[in-house]
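Summary of the model geometry
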Amino acid sequence: MSKNTKYYTQKTLEAWDEAAPIHASINTSLKNDVANPAYNNLNPDFDAVVTGADVKNKSVVQICCNNGIDLLSVKKKGAGRCLGIDGSKPFIDQAVDLVNAAGHPDIEFYHTDIYDLPDTFNNTFDVALVTVGVLGWMPDLACFMEICGSLLKPGGQLLVEELHPILNMYEEGEPSYLDESYFRTEPFVESDGLDYFSYQKYDGKENYTFPHSLSDILMAAISNNLQLVHIKELPYNVGNFCADLEHADHNPSLGINLAWRKI
Ligand SMILES: C[S@@+](CC[C@H](N)C(=O)[O-])C[C@H]1O[C@@H](n2cnc3c(N)ncnc32)[C@H](O)[C@@H]1O
């Protein structure tokens, strides 16, 4: 991992810490919602991917789990040991509160910058999850994929749901519009907050996101002994970025599901 990676991830995690109380003040019904035994926050296609991986009694890790509601949704499908990893302590605190409210206090959480994850968890999990809004925060995608793969037992599966990389070309607006090269390499620099629920702008910490193309993502996985077993591009909004494009006449794919098996 380079010095630059550390610089970027520190900045990113400060911005996430700052966003945590704002997200909590918007999503006020979550504690009640998660207490419902049928609670499931997964989008329908990703739900099918998770069901296809047959998570019953399997050990599951979620990398960059935020407030834990996706991991909790998988636990409610009968998963065994569940571990959520995130670099924002205030979000981990929210996750602990939510899993307690849901009656699953056995879900474990670990607070770290993912690039500093110790090797204690290596070869431990049957399933690793990465859900929407994670890959773009990763300055070094190959190293991130290596870490995801290292958590899996041989034969284990990495399941990813993400914004489609084509969205790196778009700027939000009414309507959202094409504004960038697909092949941009410099990070995007923002400081108007991370509220992708109510779209409030606030004077926030500077943060950096990284445009990874589809081939960047596939090659980062291939070079880490992960064999692609599923890919699906989605026509609907999965992460509230340029959500209006779902209804555009010339609509790009808005989301992507991928699954790999560790060789
Ligand atoms: C958009 S959220 C992911 C939400 C996810 N879809 C969910 O609800 O389960 C992105 C998360 O990645 C975490 N994150 C970003 N960079 C990270 C890093 N370098 N190490 C650990 N966590 C990181 C942030 O703290 C944040 O909680």
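Here's what I pulled together on the structure shown here. (Residues numbered from 1 in each chain as written. Predicted model: local features only at pLDDT ≥ 70, side-chain atom pairs only at ≥ 80, totals over all residues. Heavy atoms only, no water.)

**Let's talk about the site of the ligand**
Asn66, Asp86, Ile114, Thr131 and Val132 are the nearest of the 22 residues found near the ligand. Within the backbone of Ile114, an N or O atom sits 2.8 Å from a nitrogen atom of the ligand. At 2.8 Å, a backbone N or O of Val132 approaches a nitrogen atom of the ligand. Against a free-state accessible area of 600 Å², the protein chains account for coverage of 95% of the ligand. Among the residues forming the shell around the ligand, the class breakdown is 10 nonpolar, 9 polar and 3 charged. (Near = heavy atom within 4 Å. Polar contact = N/O pair within 3.5 Å; in protein donor to acceptor, adjacent residues only side chain to side chain. Areas by Shrake-Rupley, 256 points an atom, 1.4 Å probe, with all protein chains shown as cover. Nonpolar A, V, L, I, M, F, W, Y, C, P; charged D, E, K, R; others polar.)

**Structural notes on the sheet that holds strand S3 (residues 108-111)**
Taken in spatial order, the 7 strands of this open sheet run S3-S2-S1-S4-S5-S11-S10, and their pairing is mixed. Bordering the open sheet on either side are S3 and strand S10 (226-234), each of which pairs with just one other strand. Put simply, the sheet's adjacent strands are angled 15° from each other on average, direction ignored. Lying over the sheet, helix H5 (residues 89-101) contacts strand S2 (82-86) and S3, oriented at roughly 175° with respect to S3. (Pairing = 2+ DSSP bridges. Helix = DSSP H or I, 4+ residues; strand = E, 2+ residues; numbered from the N terminus. Axes fitted to C-alpha atoms, helices over the stretch in contact; angles between N-to-C directions. Contact = heavy atoms within 4.5 Å.)

**Description of the packing of aromatic side chains**
Following the criterion strictly, the structure yields 8 aromatic pairs and no others. Taking 5.7 Å as the distance between ring centres and 65° as the angle between the ring planes, the aromatic pair formed by Tyr7 and Tyr8 counts as edge-to-face. On the basis of relative accessibility, which here comes to 40%, the residue Tyr7 falls in the partly exposed class. Ring plane angle 65° and centroid distance 5.8 Å describe the contact between Trp16 and Phe91, whose orientation is recorded as edge-to-face. (Phe/Tyr/Trp six-rings, centres within 6.5 Å; stacked < 30°, edge-to-face > 60°. Buried < 20%, exposed > 50% of the residue type's maximum accessible area, 1.4 Å probe, protein only.)

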